[in-house]
Amino acid sequence: MGDASMTVASAAERVRELRKQIDHHNYRYYVLDDPEISDAEYDRLMRELKELEEQYPELVTPDSPTQRVGAAPVSELEEVVHSVPMLSLDNAFTDEDLIAFDRRVRERLETDQEIEYAAEPKLDGLAVSFRYEHGKLVLAATRGDGVRGENVTHNVRTIKAVPLELRGSPPELLEVRGEVFMPIAGFKAMNERALARGEKTFVNPRNAAAGSLRQLDPRQAAQRPFDVFFYAVGEVRGWSLPPRHSDALEQLREWGLKISPLIRVVRGAAGCLEYYRDMAAKRPSLPYEIDGVVYKVNSYVQQRELGFVARAPRWAIAHKFPAHEENTIVRGVEFQVGRTGALTPVARLEPVFVGGVTVSNATLHNMDEIRRKDIRIGDTVVVRRAGDVIPEVVKVILERRPPDAQIVELPAKCPVCGSDVEREEGEAIARCTGGLFCAAQRKESLRHFASRRALDIEGLGTKLIDQLVDLELVRSPADLYALTVEQLAGLERMGEKSAAKLVEALERSKDTTLPRFLYALGIRDVGEATAAALAAHFGSLEALQDATEEQIRETPDVGPVVAAHIRHFFDQAHNREVIAALRAHGVRWPDVPRKSALTEGRLSGKTFVLTGTLDSMSREEASERIAALGGKVSGSVSKKTSYVVVGAEPGSKLKKAQELGVEILDEKAFLALLEQR
């Protein structure tokens with residue numbers, strides 16, 4: 001314990017010794033799972049160190065074990081740009097997917113020999129980058145979009161399994177990637193304590209880990225039962241990587257970084273599948289959640305030879321466990337109204353816990369889908385979280401259909417504004433005819449106008465738009481630019497500082513481009529690619545506004561239907577009034593030289609095939625976004641196909657892609673590819 005007769009020098013020496021002992025015992029406990037002392041003895045060492053640091057505050061250092069808890073909250077999470085991008089992985093959902101991946105690896109390496117893979121469980125947590133300089137932890141950041149994440153160092157420092165200082169002789173710079181997660185027992189205990197205090201509980205360990213790690217107060221994070229496994233190396237200076245990934249992980253362990261005890265080196269597709277089945281059998285008894293396994297080509301030389309696709313390495317894949325399915329009851333069907341008036345039926349379900357998430361609703365896509373599956377209100381249905389992410393109604397259990405089950409009917413009137421609902425012949429989608437008179441369409445139009453690929457108005461989120469429309473402060477996009485700090489500060493969850501930031505963001509958004517502005521207007525069927533084509537063809541907004549339908553059809557890839565929608569939009573007096581008001585508020589853009597062509601995008605030379613139903617967008621919207629980035633969409637799969645994008649209930653194109661070894665993207669991977677910068 002602290003001794004008043006101690007000199008500063010002797011206290012400093014004792015502090016160094018205590019920290020060394022505590023770090024050693026942390027390593028034995030968290031990394032090796034082989035403690036040498038009792039918890040009581042460990043607590044005694046910590047108490048002595050804490051008392052000495054209180055007596056001699058000049059001896060306190062940021063990397064002391066006592067400093068894991070108690071730092072002041074941060075005001076906001078800072079953005080961090082990853083020095084080496086944190087790429088996501090492609091997914092395999094079947095044994096055939098994995099076999100096709102192994103075949104592609106061998107073909108690219110031009111070898112018939114079995115490939116050696118490092119296999120490990122795929123933890124259901126939060127990916128984090130940890131940066132050590134001269135052995136000391138200096139930065140921790142979330143994966144974010146893979147290029148930019150958020151600084152969570154203040155919270156990561158509270159995790160006892162994360163060493164604040166590495167052991168031995170670590171390199172000058174070491175960036176490692178790890179998965180922060182909550183063990184199941186700790187998660188349940190935390191929820192029980194929250195229930196006892198009448199506080200909100202978390203739905204699953206993953207959400208708990210993600211939410212807790214991104215909060216601003218590290219004192220709260222310190223109360224959460226975090227753990228971590230390190231699984232990869234990023235930027236390095238002062239260390240030459242060993243030949244194999246598994247060897248690098250062993251070196252990380254020696255430096256005090258916790259590695260999964262279930263990592264195994266296997267050979268070939270057969271070894272991977274054997275490991276997968278072993279982990280599936282172990283999954284129910286593991287102390288933490290896993291949603292699959294990850295295979296990585298073990299040789300770094302082979303990894304470099306294989307390289308990357310746009311968003312993922314060719315040398316690794318995540319083999320997901322089958323989607324979780326549960327039975328539940330359809331209690332009702334409601335219709336949501338989108339930006340273009342499209343009505344989307346949504347099943348309201350008896351809440352059911354599926355794959356770690358409570359599911360209470362699922363999209364039914366359109367009336368044709370409802371009729372095809374014969375879904376009725378009152379039916380017992382099978383609900384699946386496809387890829388452990390998207391809730392979907394798989395099928396009806398007809399044997400359990402009650403006598404009073406109600407057939408779902410398309411409403412004749414819009415559920416929001418009461419306007420007529422129309423469904424054009426040959427179209428699956430029904431639409432509200434209310435236009436901007438409909439509050440739902442107005443809200444969706446404003447969300448679209450403010451979105452990142454349109455005017456990019458930072459801070460104008462869904463809840464704020466709802467308030468602005470409900471209070472009738474905003475009826476068109478032009479009204480946004482008349483908002484004052486005083487008006488905004490009086491809204492719920494705003495305040496003067498947030499209001500001032502939004503007004504600044506609105507001011508910044510006034511400088512835009514013609515393609516962005518055309519896209520932001522929300523003209524039906526005019527996505528990013530069409531907006532860019534129109535801007536390049538006409539050069540100015542005035543020329544487009546005054547063009548005839550026939551002249552609009554002269555734009556590359558603009559057919560008669562889209563041309564009619566564009567002409568109809570500009571024929572409406574209120575649309576021209578909104579554009580004039582936007583210009584009066586200072587929204588501006590340079591004209592596009594008529595000679596300019598659409599520039600090549602990130603996906604130039606890539607050919608996509610779409611199959612199945614996407615949850616987040618229509619097939620037309622997906623095609624538009626691909627084209628906006630320079631890619632092409634084809635209706636059939638061939639060896640020249642770059643990617644096949646697979647949604648719910650895919651057709652024969654998926655099988656054809658698997659046979660040809662074409663890269664397959666699920667919806668999550670497809671969206672990540674589109675958003676990548």
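Residues numbered from 1 in each chain as written. Predicted model: local features only at pLDDT ≥ 70, side-chain atom pairs only at ≥ 80, totals over all residues. Heavy atoms only, no water.

## Here we look at the sheet that holds strand β9 (residues 264-267)
What the 5 strands build is an open sheet, ordered β2-β11-β10-β3-β9; its pairing is mixed. Edge strands, defined here as strands with exactly one partner in the open sheet, are β2 (91-92) and β9. Bridging between β2 and strand β11 (residues 316-320) involves 2 bridges; their strand directions are parallel. When the bridges of β11 are listed, Asn91 appears paired with Ala318. Lying on the sheet, helix α3 (residues 95-109) is in contact with β2, β3 (116-123), β10 (290-297) and β11; it crosses β11 at an angle near 170°. (Pairing = 2+ DSSP bridges. Helix = DSSP H or I, 4+ residues; strand = E, 2+ residues; numbered from the N terminus. Contact = heavy atoms within 4.5 Å. Axes fitted to C-alpha atoms, helices over the stretch in contact; angles between N-to-C directions.)

## Brief notes about the sheet that holds strand β23 (residues 643-646)
Strand order in the open sheet made by the 4 strands is β22-β21-β23-β24, with parallel pairing throughout. Only two strands of the sheet have a single partner each, and these edge strands are β22 (632-634) and β24 (663-665). Shown here is a sheet whose adjacent strand axes are inclined to one another by a mean of 35°, direction ignored. Relative to β24, β23 runs parallel, the two sharing 3 bridges. From the neighbouring strand, Val645 faces β24, where its bridge partner is Leu665. Docked against the sheet, helix α24 (residues 652-660) engages β21 (607-611), β23 and β24, running at close to 135° with respect to β21. Of the strands in this sheet, β21, β23 and β24 are in contact with helix α25 (residues 667-675), which crosses β24 at around 95°.

## Digging into the confidence of the model for the protein chain
Across the protein chain, pLDDT averages 86, with 93% of residues at or above 70. The low-confidence segment residues 595-599, where pLDDT is below 50, has 4 contacts with residues more than four positions distant or belonging to other chains. (pLDDT = per-residue confidence, 0-100.)

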